[in-house]
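Here is what each chain is made of, one letter per residue.
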Amino acid sequence: SYSKILELTKHWSDANDAELVYKTRIKNQDPSFVSRLVSKLVSDQNRWYPPANLELMTIADVVFSFSSSTALEAAFLHRPHISINLPEMLGLIKKNNFDLFFNNSFFDHPGVTKQLTAGELEDFLAKNKLSDLSSHNSACQDYLKNYLEQPANSSRAILDFLKTK
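What this report covers is the structure whose coordinates are included nearby. (Residues numbered from 1 in each chain as written. Predicted model: local features only at pLDDT ≥ 70, side-chain atom pairs only at ≥ 80, totals over all residues. Heavy atoms only, no water.)

**With respect to the side chain of Gln115**
Right, on to step 1. Relative to the elements of secondary structure, Gln115 occurs in strand S5 (residues 113–117).
Right, on to step 2. Assessed through its relative accessible area of 17%, Gln115 is described here as buried.
Right, on to step 3. Of note is the side chain of Gln115, whose polar atom sits 2.9 Å from the side chain of Asn85. (Helix = DSSP H or I, 4+ residues; strand = E, 2+ residues; numbered from the N terminus. Buried < 20%, exposed > 50% of the residue type's maximum accessible area, 1.4 Å probe, protein only. Polar contact = N/O pair within 3.5 Å; in protein donor to acceptor, adjacent residues only side chain to side chain.)

**Brief notes about the packing of aromatic side chains**
Right, on to step 1. A full pass over the atoms with the stated rule returns seven aromatic pairs.
Right, on to step 2. Residues Tyr2 and Phe66 carry aromatic rings whose centres are separated by 5.6 Å and whose planes lie at 75° to one another, so their mutual orientation is edge-to-face. A residue pair is termed long-range when its members are at least 10 positions apart, and Tyr2 in helix H1 (residues 2–15) and Phe66 in the loop between strand S3 (63–65) and helix H4 (70–76) qualify at 64 residues.
Right, on to step 3. The class for Tyr2 is partly exposed, based on a relative accessible area of 23%. (Phe/Tyr/Trp six-rings, centres within 6.5 Å; stacked < 30°, edge-to-face > 60°.)

**Considerations on helix H7 (residues 118–127)**
Because the α-helix completes a turn every 3.6 residues, residues three or four places apart line up on one side.
Right, on to step 1. Within the sequence span of H7, burial applies to Leu121, Phe124 and Leu125. Projected down its long axis, H7 carries its buried residues within an arc of 95°, all on one side. In H7, the exposed positions that point more than 90 degrees away from the buried face belong to Gly119, Ala126 and Lys127.
Right, on to step 2. If you follow the buried residues of H7, they end up packed against H1, S3, strand S4 (81–85) and S5. (Arc of directions from axis to C-beta. Contact = heavy atoms within 4.5 Å.)

**Brief notes about the sheet that holds S4**
Working definition: the strands of a sheet are paired by backbone hydrogen bonds and lie parallel or antiparallel to each other.
Right, on to step 1. Read across the open sheet, the three strands follow the order S3-S4-S5; overall the sheet is parallel. Two strands in the sheet have a free side with no partner beyond their single neighbour: S3 and S5. With direction set aside, neighbouring strand axes in the sheet form an average angle of 20°.
Right, on to step 2. Two elements, S3 and S4, share three bridges in a ladder whose sense is parallel. Residue pairing for S4: Ser65 is matched across the bridge by Ser83.
Right, on to step 3. Sitting on the sheet, H7 touches S3, S4 and S5, and the angle it makes with S5 is about 120°. (Pairing = 2+ DSSP bridges. Axes fitted to C-alpha atoms, helices over the stretch in contact; angles between N-to-C directions.)

**Quick word on unusual backbone geometry**
Right, on to step 1. Phi at Asp17 is positive, roughly 50°, even though this residue is not glycine.
Right, on to step 2. Along the chain, Asp17 falls in the loop between H1 and strand S1 (21–24).
Right, on to step 3. Residue Asp17 is classed as exposed on the basis of its relative accessible area of 77%.
Right, on to step 4. Although it is not a glycine, His78 sits at a positive phi angle of roughly 55°.
Right, on to step 5. Assignment of secondary structure puts His78 in the loop between H4 and S4.
Right, on to step 6. Assessed through its relative accessible area of 33%, His78 is described here as partly exposed.

**Comments concerning H1**
Right, on to step 1. The terminal C-alpha atoms of H1 lie 20 Å apart, and with 14 residues this matches the ideal 20 Å at 1.5 Å per residue to within 8%.
Right, on to step 2. All buried positions along H1 are accounted for by Ile5, Leu6, Leu8, Thr9, Trp12 and Ser13. All buried residues of H1 fall inside an arc of 160° around its axis, so they share one side. Across H1 from its buried face, at more than 90 degrees, point the exposed residues His11 and Ala15.
Right, on to step 3. Where H1 is buried, its residues touch S1, helix H2 (33–37), S3, S4 and H7.
Right, on to step 4. Backbone geometry just downstream of H1 places Asp17 in the positive-phi region, at approximately 50°. (Expected span 1.5 Å × (residues − 1).)

Interpretation note: all reported values are geometric properties and have no functional meaning in isolation.
Pasting the structure below:
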């Protein structure tokens, strides 16, 4: 569950002498437990540029997200990224055909981003300290080239998808 994920990451952050900063969007209307389980809650209210998430990532040691394109931004900033797959997010991705773009390698690319289910997160955090997590420059470059440069797999997937409509 969402609260269990935040409890795990907060406990792991505390054990690694780190702050758990949570960036939200006002439109998400997060449950009240979110502000109780994080060190600092930051929203995007009245904030357009620079985006709060990018500003936070420049000082982050690791970035956690829920099946998000934040993986690209973390790779660009050479920050290790953990993508947590919530069952409801995976259902939304499949329902909207986003799985054409957000495939397994997008969220699970060695040296860049690690994909975990909510159930796998606890074991991963128990086995890894903050100092164990890193991104690798060449892996980040390969990842970004694959997903952002022309002709990239994602661009080809978008064109193929549009042809079906």
